[in-house]
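# Chains, contacts and geometry: an overview
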Amino acid sequence: MPVHTDWKKVVVIALMIGGILSLHYLTLPYIGYRPAVYRMLFYLPLVLGSLWFGLKGAIFVCASVSILYLPYTMTQWQGFSLEHFHELLEGVLYIINAFIIGYLVEKERKEHGALLQAESLAAVGKAVSEIARDMKTLLMAIGGFANQVSRKLRHEDPNRKKLEVVVQETARLESMVKQMLDFGRPLEIQPTEISLNELVMKTVKVAEPVARKSGVELKTDLEPSLPLLLLDGPRIEQVILNLITNAVQASPAGEHVLVRTHLESDEVLLEVADRGCGIMEEHRDNVFHPFFSTKKAGTGLGLGIVKKIVEAHGGDVSFQSNPEKGVTFSVRLPSQ
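Read on for an overview of the structure. (Residues numbered from 1 in each chain as written. Predicted model: local features only at pLDDT ≥ 70, side-chain atom pairs only at ≥ 80, totals over all residues. Heavy atoms only, no water.)

### Section: the environment of Arg151
Note on placement: Arg151 falls in helix α4 (residues 82-152). In this structure the C-alpha to C-alpha distance between Arg151 and Leu163, which are 12 residues apart in sequence, comes to 9.7 Å. (Helix = DSSP H or I, 4+ residues; strand = E, 2+ residues; numbered from the N terminus.)

Okay, structure coming up:
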């Protein structure tokens, strides 16, 4: 939402509050029921603030009205009475309603956003699957033919090296297409009781050659008392590998990537911390979106696939900046 539009809405709410307060301060105290009616008008800016700005808007309006209305209450105070008790009760109900309305609006917004995202991802996934299937067939043919021709050439033939590059790049494109297919197809998990620490150690060994080539060391800090979890082993390995690969690519040579696990209440936490330059503020909302990437190569689907797999296990994935440098991606999985 544009900033100037937000300011217009803030001005409208402020004018409404100011107008209603004016009715109170300019109305003589002996004019019967009117102050009670005027107090009911305070619900108008409260509803608008909630609809436009969610819970923050509701709290802002409630706080503003309470603070600005207090002097009027003090001027009318003539000792505690039943009428003052009713006014106090109205004030308490107003504050309670502010939190309830704000919470409900905020919840509806999140559910609506999640629904729109799910529909969008489903449409993207279907389109990606159709394109990727066609690409996979073509790439397999190109790679196969290039391999056949390469084997028939002499080792010293310069064309052989060119064909080897073609084969390598075709393999890389096939890997990208595989990611697109993984993202596009419906996810079905087959959970079994398994040790998360064992999956981490297995995946770290797989990732070590790539990390060593980049000059990055892989370290682990695993909680030995983790319970067995109901996980789809290959899928969680894919999650760990994607996170480690991203962390290695983000970390400069000479640094390290730390993979750790520990138990928090009824959840198991898997963390992958890098020592890179971090994530820019304007990119934070798009990190898990499909096809978003700040790298020159890649599909931008790695973290999207991670999110999809983790949520299928009833968990969630998030990230936060490290105190010194770099980012830590955290995967929370239910322990029961």
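Next comes the rest of the description.
### A look at helix α3 (residues 43-75)
The terminal C-alpha atoms of α3 lie 23 Å apart, and with 33 residues this falls more than 12% below the ideal 48 Å at 1.5 Å per residue. Of all the bends in α3, the greatest, near 150 degrees, is centred on Phe53. (Expected span 1.5 Å × (residues − 1). Bend = angle between axes of the 7 residues up to and from the residue.)

### Regarding the nonpolar core
Grouped together as the largest cluster of nonpolar side chains are 38 residues, with contacts concentrated most on Leu196 and Ile244. Contributions of two or more residues to this core are made by α6 (196-213), β3 (229-231), α7 (233-250), β4 (256-264), β5 (267-273), α8 (302-312), β6 (316-321) and β7 (327-334). The dominant element in this core, judged by the number of residues it contributes, is α7, at 7 residues. Residue contacts for Ile244: discarding those within four places in its chain leaves Thr203, Val204, Ala207, Leu218, Val259 and Val272. Residues Ile17, Phe42, Val61 and Tyr72 belong to the second largest nonpolar core, which totals 14 residues. (Core = buried A, V, L, I, M, F, W, Y, C linked by side-chain atoms within 4.5 Å. Buried < 20%, exposed > 50% of the residue type's maximum accessible area, 1.4 Å probe, protein only. Contact = heavy atoms within 4.5 Å.)

### Quick word on the sheet that holds β7
Read across the sheet, 5 strands follow the order β2-β4-β5-β7-β6 without closing on themselves; strand pairing throughout is mixed. Every interior strand has two partners, whereas the edge strands, β2 (217-222) and β6, have only one. Taken pair by pair, the neighbouring strands of this sheet meet at an average axis angle of 15 degrees, ignoring direction. Bridge analysis of β6 against β7 gives 6 bridges, and the strand direction is antiparallel. In the sheet register, Val317 faces β7, and the bridge partner there is Val331. (Pairing = 2+ DSSP bridges. Axes fitted to C-alpha atoms, helices over the stretch in contact; angles between N-to-C directions.)

### Examining the side chain of Arg39
Within the fold, Arg39 resides in helix α2 (residues 34-41). Given a relative accessible area of 13%, Arg39 falls into the buried group. Setting aside residues no more than four positions away along its own chain, Arg39 makes contact with His24, Tyr69, Glu87 and Glu90.

### Describing the pairing of β5
For β5, the tally of buried residues reaches 6 of 7 residues, placing the bulk of the element in the interior. The pairing of β4 with β5 spans 7 bridges and is classified as antiparallel. Within the sheet, the bridge partner assigned to Val259 lies in β5 and is Val272. Hairpin geometry of β4 and β5 is characterised by an intervening segment of 2 residues between the two adjacent antiparallel strands and by a positive phi of about 55 degrees at Ser265. Where β5 lies against β7, 7 bridges are found, and the strand directions are antiparallel. The residue bridging Glu267 from the neighbouring strand is Pro334, located in β7.

### As for α6
Taking 1.5 Å per residue as the helical rise, α6 with its 18 residues ought to reach 26 Å, and the 26 Å between its terminal C-alpha atoms agrees with that figure. Approximately 45 degrees is the largest bend angle found in α6, and it occurs at Ala207, with the proline Pro209 only one to four residues beyond. All buried positions along α6 are accounted for by Leu196, Asn197, Leu199, Val200, Thr203, Val204, Ala207 and Ala211. In the core, the buried residues of α6 are packed alongside β1 (192-194), β2, β3, α7, β4 and β5. At the C-terminal side of α6, Gly215 shows a positive phi close to 75 degrees.

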